Amino acid sequence: FHYAYYTIPGDQDLFNADSSIYKEYSGRKTWYSFNYGSMHFIALDTSGADARFIDEKQMEWLKKDLETFRGSNAVFVVFHRPFLSTRKKGVVYPVPENIHKLFTEYRVKAVFSGGDKSYNSAVYDNVMYIQAGCSGYNDEKENRRSNQFYLVNYMNGHLDVRPGKVAISKKELK
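The text that follows walks through the structure, step by step, so that each part is easy to find. Remember, predicted model here, so these are calculated numbers, not experimental data.

### Quick word on the nonpolar core
In this structure, Leu62, Leu66, Val77, Phe103, Val108 and Val111 are the most contacted members of the largest nonpolar core, which totals 19 residues. Elements with a minimum of two residues in this core: helix H2 (56-68), strand S3 (74-79), helix H3 (97-105) and strand S6 (127-132). Ignoring any residue separated from it by four or fewer positions in sequence, one finds Leu62 in contact with Ile42, Leu44, Ile54, Leu102 and Phe103.

### Observations regarding H3
Residues Ile99, His100, Leu102 and Phe103 constitute the buried set of H3. Down the axis, H3 shows its buried residues gathered within 155 degrees of arc, on one side only. Exposed and oriented more than 90 degrees from the buried face of H3 are Glu97 and Lys101. On its buried face, H3 is in contact with H2, S3, strand S4 (110-113), strand S5 (119-124) and S6. Arg107 occupies a position one or two residues after H3 and carries a positive phi of about 55 degrees.

### Some words on the side chain of Thr30
Here Thr30 lies in the loop between helix H1 (20-26) and strand S1 (32-36). Taking the relative accessible area as the measure of exposure, Thr30 reaches 7% and is therefore buried. A polar side-chain atom of Thr30 sits 3.0 Å from a polar atom in the side chain of Asp45. Once residues within four sequence positions are removed from consideration, Thr30 is found in contact with Pro9, Ser19, Tyr22, Lys23, Ala43, Leu44 and Asp45.

### As for the sheet that holds S6
With mixed pairing, the six strands of this open sheet are ordered in space as S1-S2-S3-S4-S6-S5. Of all strands in the sheet, those with a lone pairing partner are S1 and S5, marking the two edges. Direction aside, the axes of adjacent strands within the sheet are offset by 15 degrees on average. With five bridges connecting them, strand S2 (residues 39-43) and S3 associate as parallel partners. Each bridged residue has a counterpart across the sheet, and for His40 the counterpart in S3 is Val75. Each of S1, S2 and S3 is contacted by H2, which is oriented at about 175 degrees to S2, the strand it contacts most.

### Notes on the packing of aromatic side chains
One pass over the structure, following the stated rule, counts five aromatic pairs. Seen in terms of ring centroids, Phe76 and Tyr154 are 5.3 Å apart; in terms of plane orientation they differ by 80 degrees. Their pairing is edge-to-face. Here Tyr154 lies in strand S7 (residues 149-155) and Phe76 lies in strand S3, a separation of 78 residues in the sequence. Under the relative-accessibility criterion, Phe76 is labelled buried at 3%.

### Considering the pairing of S7
Pairing of S7 with strand S8 (residues 158-164), which is carried by seven bridges, proceeds in the antiparallel orientation. The partner of Met155 across the bridge, within S8, is His158. Counting the residues in the hairpin turn of S7 and S8 gives two residues, including Asn156, whose phi is positive at 55 degrees.

### A look at the environment of Ser33
Mapped onto the elements, Ser33 comes out in strand S1. The exposure class of Ser33 is partly exposed, given its relative accessible area of 24%. Taking C-alpha positions, Ser33 is 9.3 Å from Leu62, a pair spaced 29 residues apart along the chain. Sequence-distant contacts of Ser33, that is, excluding residues within four places in its chain, are made with His40, Phe41, Ile42, Trp61 and Asp65.

### What to know about the pattern of salt bridges
If charged atoms from side chains of opposite charge come close, those side chains can pair. Inspection of the entire model under this criterion finds three salt bridges. A salt bridge links Glu67 to Arg70; the nearest nitrogen and oxygen atoms lie 3.1 Å apart. Between Arg162 and Asp160 there is a salt bridge; the shortest N-O distance is 2.6 Å. Classification of Arg162 as exposed rests on a relative accessible area of 52%.

Definitions and limits used
Residues numbered from 1 in each chain as written. Predicted model: local features only at pLDDT ≥ 70, side-chain atom pairs only at ≥ 80, totals over all residues. Heavy atoms only, no water. Core = buried A, V, L, I, M, F, W, Y, C linked by side-chain atoms within 4.5 Å. Buried < 20%, exposed > 50% of the residue type's maximum accessible area, 1.4 Å probe, protein only. Helix = DSSP H or I, 4+ residues; strand = E, 2+ residues; numbered from the N terminus. Contact = heavy atoms within 4.5 Å. Arc of directions from axis to C-beta. Polar contact = N/O pair within 3.5 Å; in protein donor to acceptor, adjacent residues only side chain to side chain. Pairing = 2+ DSSP bridges. Axes fitted to C-alpha atoms, helices over the stretch in contact; angles between N-to-C directions. Phe/Tyr/Trp six-rings, centres within 6.5 Å; stacked < 30°, edge-to-face > 60°. Salt bridge = Lys/Arg side-chain N within 4 Å of Asp/Glu carboxyl O.

Laid out in structure tokens, this is it:
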């Protein structure tokens, strides 16, 4: 089998707040876009983000990329830093209004973020925000509570996201 494999840097992929090791081993820039059929995918680098979420250089690139691919059947955005958290406990991350405005203006179908252990989704102004956290690969106790993968299906304008778990036992961890 041959699979397309796209990565984005997370906060654990930096060394001394620098992404050069990530770029060297992945062979990718820290933000980029690609097309799959008539769908457009944007990968953003939020690994070293401050309150602005993405820096000015990346923001300008994002605006140009969204404009260039305005006619795509669907646009999906992916990044690491949690963008939305609807959990009853813990931190709720604000949606940066300038970025959300771009997503609504260019009719982004869905925004996937990670960086947290939970799964949540919500729709704001016709944009679906999906917190697709993963964890628990190396801990049997954590494994029972966490998702390790997501099956995503997009058909006829409808997006279906299903979290999945892999059962890991202590025997398998040794």
